[in-house]
Amino acid sequence: MEQYDLTDAQKKAFEENEAAFRRFDDQVSGVREAARARLTRNGWEPDPNGTRPCLSCPCPDLQLVDAQGNCKRGGCRHPLGDHDLPI
């Protein structure tokens, strides 16, 4: 790994950023798990063939995202993060 000459304050700032992103990832994972559970309780069963269905609409699989990071599938257009991505 490349070494950088950082001040102690900069190192601390990066450590705080890393911790904040870790908390954010945990929150997103929790939201996805709650969304999956909510849909499952209501009879939704995703395709078991490795698709990445949208958790915000019935889009069956994420299509390559556009420049804004949204699904290109007509009728979906939700952001990448709304889709059931592997953890």
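All figures in this text were calculated on a predicted structure; none of them were measured in a lab.

## Examining the state of the cysteines
Then step 1. Inspection of every chain in the model, using the stated rule, returns zero disulfides.
Then step 2. Cysteine Cys54 remains unbridged, with the sulfur of Cys57 as its closest cysteine sulfur at 3.8 Å.
Then step 3. The thiol of Cys76 is unpaired, and the distance to the nearest cysteine sulfur, on Cys57, comes to 3.7 Å.

## What to know about helix α1 (residues 8-41)
Then step 1. Taking 1.5 Å of rise per residue, the 34 residues of α1 would be expected to cover 50 Å, and the 50 Å separating its terminal C-alpha atoms lies within 8% of that figure.
Then step 2. Listing the buried residues of α1 in full gives Arg32, Ala35 and Arg36.
Then step 3. Looking one or two residues past α1, Gly43 carries a phi angle of roughly 85 degrees, positive in sign.

## Here we look at unusual backbone geometry
Then step 1. Even without a glycine there, the phi angle at Arg77 is positive, about 60 degrees.
Then step 2. Arg77 sits in the partly exposed class, given a relative accessible area of 47%.

## Here's the deal with the pattern of salt bridges
Between side chains of opposite charge, a pair can form when the charged atoms approach closely.
Then step 1. Tallied over the entire structure, the rule returns five salt bridges.
Then step 2. Note that Glu18 and Arg22 form a salt bridge whose closest N and O atoms lie 3.6 Å from each other. One end of the pair is Glu18 and the other is Arg22, both in helix α1 and four residues apart, which spans about a single turn.
Then step 3. Judged by its relative accessible area of 47%, Arg22 falls in the partly exposed class.
Then step 4. A salt bridge links Glu33 to Arg36, with the shortest nitrogen-to-oxygen separation between them at 2.7 Å. Here Glu33 pairs with Arg36, and both are found in helix α1, just three residues apart, close to one helical turn.
Then step 5. With a relative accessible area of 45%, Glu33 lands in the partly exposed category.
Then step 6. By relative accessible area, which is 16% here, Arg36 ends up buried.
Then step 7. Among the charged side chains, a network of salt bridges with common partners joins Glu33, Arg36 and Asp84.

The rules behind the values
Once a new chain begins, its residue numbering starts again from 1 and follows that chain's sequence as written. Residue-level local features of this predicted model are given only where pLDDT is at least 70; pairs of side-chain atoms are given and counted only at 80 or more, and the full residue set underlies all totals for whole chains, interfaces and linings. With hydrogens and water excluded, all non-hydrogen atoms of the structure serve as input to the side-chain values. The term disulfide is used for any two cysteine sulfur atoms that are within 2.5 Å. Note on conventions: DSSP H or I runs of at least 4 residues are helices, E runs of at least 2 residues are strands, and numbering of each starts at the N terminus. In a helix, the anticipated span is given by 1.5 Å times the number of residues less one. Whether a residue is buried, partly exposed or exposed follows from its accessible area with a 1.4 Å probe, protein chains only, as a fraction of its type maximum: under 20%, in between, or over 50%, in that order. Within this document, salt bridges are pairs made up of a side-chain nitrogen of Lys or Arg and a carboxyl oxygen of Asp or Glu, the two lying within 4 Å of each other.

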